[in-house]
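# Coordinate analysis (summary)
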Amino acid sequence: MSASSPHRLSRRHFLASAAAGVSLCHPALALDGSTEIDAPVSASVRHNISSFRSLQWQPYFSDLKKGAILVDMTSRALHFWSADEVTYKLYPTSVPLTDELTRRGRTEIIRKVVGPSWSPTANMKKRNPEWPDYVPPGPENPLGTHALYLSWQYYRIHGTHDTRKIGRRSSSGCVGLYNEHIAELFSLANVGTPVLLI
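One structure accompanies this document, and this report is about it. Note that the structure is predicted; figures quoted are calculated from it, not measured. (Residues numbered from 1 in each chain as written. Predicted model: local features only at pLDDT ≥ 70, side-chain atom pairs only at ≥ 80, totals over all residues. Heavy atoms only, no water.)

### Observations regarding the overall build of the protein chain
What the protein chain contains, in helices and strands, is three helices and ten strands. Going from the N terminus to the C terminus, the protein chain shows its helices and strands as α-β-β-β-β-β-α-β-β-β-β-α-β. Counting only residues that meet the buried cut, the protein chain has 39% of its 198 residues in that class. Across the protein chain, contacts joining residues at least 24 apart in sequence account for 59% of those joining residues at least 6 apart. (Helix = DSSP H or I, 4+ residues; strand = E, 2+ residues; numbered from the N terminus. Buried < 20%, exposed > 50% of the residue type's maximum accessible area, 1.4 Å probe, protein only. Contact = heavy atoms within 4.5 Å.)

### Some words on the pattern of salt bridges
Under the definition given, this model contains four salt bridges. Where Lys 125 meets Asp 133, a salt bridge forms, and the shortest distance between an N and an O atom there is 3.0 Å. Relative accessible area serves as the criterion here: at 22%, Lys 125 is assigned to the partly exposed category. (Salt bridge = Lys/Arg side-chain N within 4 Å of Asp/Glu carboxyl O.)

### Observations concerning the sheet that holds strand β7 (residues 156-160)
In space, the eight strands of this open sheet follow the order β3-β2-β1-β10-β5-β6-β7-β9, with mixed pairing throughout. The sheet is open, and its two edges are formed by β3 (88-92) and β9 (175-178), each paired on a single side. Strand-to-strand, the axes of this sheet are offset by a mean angle of 25°, without reference to chain direction. In the sheet, strand β5 (residues 105-114) pairs with strand β10 (residues 194-197) via four bridges, with the strands oriented antiparallel. Along β10, the bridge assignment pairs Gly 105 with Leu 197. Each of β1 (68-72), β2 (77-81), β3, β5, β6 (146-150), β7 and β9 is contacted by helix α3 (residues 179-188), which is oriented at about 105° to β9, the strand it contacts most. (Pairing = 2+ DSSP bridges. Axes fitted to C-alpha atoms, helices over the stretch in contact; angles between N-to-C directions.)

### So, the packing of aromatic side chains
A full pass over the atoms with the stated rule returns four aromatic pairs. Ring plane angle 65° and centroid distance 5.7 Å describe the contact between Trp 118 and Trp 131, whose orientation is recorded as edge-to-face. With Trp 118 in the loop between β5 and α2 (122-127) and Trp 131 in the loop between α2 and β6, this residue pair connects regions lying 13 residues apart in the sequence. The class for Trp 118 is buried, based on a relative accessible area of 13%. Judged by its relative accessible area of 27%, Trp 131 is partly exposed. Ring geometry for Trp 152 against Tyr 155: centres 5.7 Å apart, planes inclined by 85°, an arrangement best described as edge-to-face. An aromatic cluster of three or more residues is present, and its members are Phe 61, Trp 81 and Tyr 88. Looking at Arg 111, its charged tip hangs above the ring of Tyr 149, at a distance of 4.2 Å from the centre. (Phe/Tyr/Trp six-rings, centres within 6.5 Å; stacked < 30°, edge-to-face > 60°. Lys NZ or Arg CZ within 6 Å of the ring centre and 35° of its normal.)

### With respect to the nonpolar core
Where a protein is soluble and globular, its nonpolar side chains tend to be buried together. Core analysis: the largest hydrophobic core is formed by 21 residues, its most contacted members being Ile 69, Leu 78, Ile 157 and Leu 185. Secondary structure elements with two or more residues in this core: β1, β2, β6, β9, α3 and β10. Of the residues forming this core, the biggest block, three residues, is contributed by α3. Excluding residues within four positions of it along the chain, Ile 69 makes contact with Phe 61, Leu 78, His 79, Phe 80, Ile 109, Ile 157, Leu 185, Ala 189, Thr 193, Pro 194, Val 195 and Leu 196. (Core = buried A, V, L, I, M, F, W, Y, C linked by side-chain atoms within 4.5 Å.)

### Here's the deal with the environment of Gly 173
Among the secondary structure elements, Gly 173 is positioned in the loop between β8 (169-171) and β9. Given the relative accessible area of 6%, Gly 173 is considered buried. Residues Gly 173 and Tyr 154 lie 19 residues apart in sequence; the distance between their C-alpha atoms is 8.1 Å. Those residues within four positions of Gly 173 in sequence are excluded, and the remaining contacts are Pro 96, Leu 101 and Tyr 155.

### Some points on the side chain of Thr 93
For Thr 93, the position within the fold is in the loop between β3 and β4 (95-96). Excluding residues that lie within four positions of it along the chain, Thr 93 makes contacts with Arg 76, Ala 77, Leu 78, Ile 166, Gly 167, Arg 168, Val 175, Gly 176 and Leu 177.

Here you go:
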């Protein structure tokens, strides 16, 4: 082959291709206590990028009699499985600002509200005295268009009108979804659906 042949593979091209292939074949490893895959690639990777992957429900729930919701605080993802095992959904979320505001464990949905109103807790008012005492349903409401109330007092899975929050540590304890995602989850989940936050 001549040096001008389009099919000629140079040593440089071969080595670059081999290096790229090795990095692409590197297996993804889950971080301890999370469903998140791999650590951030570099300092230039923004922290609101989540590494989602589909999961099976069996490691987390004994059955799906009432469906199930798994919230992974590290990967900032919410997984939903329907009771008939036909529907599986995976949504990006916002999560609490700090570990002190984060609650983990098992709970369940006890109430569903379209157009929720919002009032800050006493602790929220201490941290943010400028916040209003009450916000009616609407575009200024931090709970967005729908809310799933959990058996833990003050904890919700809800929408948000501020889409910048999704994929970030940005809440005072709740799990936030895009409004279109919470509307879909709201239609799928029922009162009594078990929720596990890890």
